[in-house]
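Inside the fold
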Amino acid sequence: MNEQQVGVPVPFRRREPLAPYTTFRIGGPADWLLLPDSARGFVAAVRWAIDQDLPLTILGGGSNVLVADAGVDGAVIVTTAMRRVEISGAEVRAEAGVGMSDLCEFCAERGLAGLQNFHGMPGSLGGAVFMNARCYERSIGDVVRCVHGVDRAGHEVTFEAAACEFAYKRSRFQAGGVWVAEVDLRMEAGADRGHLREAMSDFQRRREAMGQFLFPNAGCIFKNDYRTGTPSGKIIESCGLKGTRIGDAEVFSRHANFIINRGAASACDVLALIRAMEQAVRDRTGLELEREIQLLGRWGEVSEVQPGG
Ligand SMILES: Cc1cc2nc3c(=O)[nH]c(=O)nc-3n(C[C@H](O)[C@H](O)[C@H](O)COP(=O)(O)OP(=O)(O)OC[C@H]3O[C@@H](n4cnc5c(N)ncnc54)[C@H](O)[C@@H]3O)c2cc1C
């Protein structure tokens, strides 16, 4: 396809490596990388991909994804330039690409409470809604009023919170076919700004104390299963997996539910390590870990590598 002829409606790049767009710093190229800077541009970009019959992938902050070494076919829309936020009383409307920490600070400065637990969590609002991200006992779905998006027919759609099917680390958006452009949040007005700032600093400090930002990573690889009563990290740790390494991918010694990239880890290394962790936990405890991390792109047949290599 000749880009001069296809009328791409937003800034774009061809065959752009995706590693810099992820917190793991891993991943091959996007065939088409589209960079809308507004919700309107996002809608146009989605419609363009549909018209061109291209597979469509959305990337926010890239903090919960493992992008294949072979890259991603079709169009990848990166939302991080979509950052407009409007406030009316306790109602906030924000574009999907706004960073969660920026949004927390923006709201706190205006005395709006509800998001402070998310301060320090990497990623965008759209990614948080997709994942129903959860920090310190609060899920983003708790503060969502409605979500505005585009469906696979290119129609603009709005889902009230009840229709978003939020549950622990789940939302209806994970089923595909609706992409998030903007989110309306219901905040609590009149909060003490100083208290909000203190709470946000505290959450940030806790993350730093856990070493979350020392190495490239994508946060927790597995969800917790509350029926077991034990966080997945503790289960993995009890199986003696801390420090297990494949290539440059390593089970983090300070938090066994994190995999860190020691420098040159490939997506293949990380996936092999994920599978090795799943197998070890299955063998030693009989439990099945459920993945939280989202695998994006073209994987083909990825060979199994044994830990320690
Ligand atoms: C150090 C660290 C700490 C973390 N701590 C936490 C934590 O405490 N709690 C927690 O829940 N998570 C945590 N995470 C994981 C991650 O930050 C969250 O899941 C975050 O909400 C992902 O947002 P993102 O914009 O980076 O999404 P991405 O990683 O870019 O995307 C994640 C998924 O959402 C989809 N997506 C993104 N934007 C859209 C959109 N606009 N429309 C439709 N689909 C979209 C993507 O296609 C992908 O499938 C952590 C990650 C790191 C690296």
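Residues numbered from 1 in each chain as written. Predicted model: local features only at pLDDT ≥ 70, side-chain atom pairs only at ≥ 80, totals over all residues. Heavy atoms only, no water.

1. Description of the sheet that holds strand 16 (residues 258–261)
We apply this condition: Criterion used throughout: strands pair if DSSP finds at least two bridges between them. A run of H or I in DSSP counts as a helix once it spans at least four residues, and a run of E counts as a strand once it spans at least two, with each numbered from the N terminus. Two residues qualify as a contact provided that any one of their heavy atoms is within 4.5 Å of a heavy atom in the partner residue. For helices, the axis comes from a line fit to the C-alpha atoms of the stretch in contact; other axes are also lines fit to C-alpha atoms, and the angle between any two N-to-C directions lies between 0 and 180 degrees.
Here four strands make up an open sheet; going across it, the order is 13-16-15-14 and the pairing antiparallel. Each having just a single partner strand, strand 13 (217–220) and strand 14 (245–246) make up the two edges of the open sheet. Where helix 7 (residues 267–285) meets the sheet, it contacts strand 14, strand 15 (249–251) and strand 16, and its direction lies at approximately 30° from that of strand 15.

2. Considerations on the domain arrangement of the chain
Put simply, the test is: Note: domain ranges come from an automatic or database domain assignment. Buried area is understood as the total, over both parts, of accessible area removed when two parts are fitted together, assessed with a 1.4 Å probe.
Partitioning the chain into structural domains gives domain 1 (8–78), domain 2 (85–208) and domain 3 (213–296). Taking only C-alpha atoms, the centre of domain 1 and the centre of domain 3 are 26 Å apart. At the interface, 14 residues of domain 1 touch 20 residues of domain 3. With both chains or domains summed, domain 1 and domain 3 bury close to 1,300 Å², and 63% of this area falls on carbon and sulfur atoms.

3. Considerations on the nonpolar core
To keep it simple, the criterion reads: Residues grouped as a nonpolar core are buried Ala, Val, Leu, Ile, Met, Phe, Trp, Tyr and Cys residues, joined through side-chain atoms within 4.5 Å. Residue exposure (1.4 Å probe, protein chains only): buried if accessible area is under 20% of the type maximum, exposed if over 50%, otherwise partly exposed.
Counting 56 residues, the largest nonpolar core has Leu34, Leu103, Leu115, Phe118, Leu125, Ile140 and Leu185 as the members making the most contacts within it. Here this core spans two domains, and each of domain 1 (8–78) and domain 2 (85–208) adds at least three residues to it. Not counting the four nearest positions on each side in its chain, isoleucine 140 is found in contact with Met100, Leu115, Phe118, Leu125, Ala128, Val129, Asn132 and Ala133. In this structure, Ile26, Ala218, Leu271 and Ala280 belong to the second largest nonpolar core, which totals 29 residues.

4. A short note on the site of the ligand
Worth spelling out the cut-off: In this text, near means that some heavy atom of the residue lies within 4 Å of the molecule or strand in question. Residues adjacent in sequence count toward polar contacts only when both atoms are side-chain atoms; beyond that, a polar contact is any pair of N or O atoms within 3.5 Å, and within protein one must be able to donate a hydrogen and the other to accept it. Exposure was quantified through the Shrake-Rupley algorithm and a 1.4 Å probe, taking into account, for residues, occlusion by the shown protein chains and nothing else.
The immediate surroundings of the ligand are formed by 33 residues, with Ile58, Gly60, Ser63, Ser124 and Arg134 found nearest. A distance of 3.3 Å separates an oxygen atom of the ligand from a polar backbone atom of alanine 128. In the complex, 95% of the free accessible area of the ligand, which totals 980 Å², lies under the protein chains. Sorting the residues of the shell around the ligand by element identifies strand 3 (56–59), helix 4 (125–131), strand 8 (134–135), strand 12 (178–186) and strand 13 as the ones contributing at least two each. Top contributing element to the shell around the ligand by residue count: helix 4, with five residues.

5. Quick word on unusual backbone geometry
Trans peptide bonds make up the majority, and among non-glycine residues the majority have a negative phi. Positive phi outside glycine occurs at arginine 25, with the angle close to 60°. By the element assignment, arginine 25 lies in the loop between strand 1 (12–17) and strand 2 (29–34). What makes arginine 25 partly exposed here is its relative accessible area of 49%.

6. Re the pairing of strand 6 (residues 85–88)
Where strand 6 lies against strand 7 (residues 91–95), four bridges are found, and the strand directions are antiparallel. For isoleucine 87, the partnering residue across the bridge sits in strand 7 and is valine 92. The turn linking strand 6 back onto strand 7 is made up of two residues, and glycine 89 within it adopts a positive phi angle of 65°.

7. What to know about the pattern of salt bridges
Cut-off, in case you're wondering: Throughout this description, the term salt bridge denotes a Lys or Arg side-chain nitrogen within 4 Å of a carboxyl oxygen of Asp or Glu.
Under the counting rule described, the total for this entry stands at 24 salt bridges. Between glutamate 95 and arginine 84 there is a salt bridge; the shortest N-O distance is 3.5 Å. Taken together, the residues span a long stretch of sequence, with glutamate 95 in strand 7 and arginine 84 in the loop between strand 5 (72–78) and strand 6 at a distance of eleven residues. Classification of glutamate 95 by relative accessible area gives buried; the value is 2%. Salt-bridge contacts for arginine 245 lead to aspartate 248; the nearest nitrogen and oxygen are separated by 2.6 Å. Look at the salt bridges and you will find they share partners, linking Arg84, Glu86, Glu95 and Glu182 into a network.

8. Some words on the packing of aromatic side chains
As a reminder, the rule being used: Any pair of Phe, Tyr and Trp rings, taking the six-membered ring for Trp, is counted once the centres come within 6.5 Å. Such a pair is stacked with planes under 30 degrees apart, edge-to-face with planes over 60 apart, and tilted for the rest. We count a charge as sitting over a ring when the NZ of a lysine or the CZ of an arginine lies within 6 Å of the ring centre and within 35 degrees of the ring normal.
Taken as a whole, this structure holds seven aromatic pairs when the rule is applied. Pairing phenylalanine 12 with tryptophan 32 gives two aromatic rings, centres 5.6 Å apart and planes at 45°, and the pair type is tilted. Residue phenylalanine 12 is located in strand 1, and its partner tryptophan 32 is located in strand 2; the two are separated by 20 residues in the primary sequence. Pairing tyrosine 136 with phenylalanine 203 gives two aromatic rings, centres 4.7 Å apart and planes at 25°, and the pair type is stacked. One end of the pair, tyrosine 136, is in the loop between strand 8 and strand 9 (138–139); the other, phenylalanine 203, is in helix 5 (residues 193–209), and 67 residues separate them in sequence. Overall, the relative accessible area of 9% leaves phenylalanine 203 in the buried class. In this structure, arginine 110 is placed above the aromatic ring of phenylalanine 106, and the distance from its NZ or CZ to the ring centre is 3.7 Å. Geometry around tyrosine 136 places arginine 206 over its ring, the cationic atom sitting 4.7 Å from the centre.

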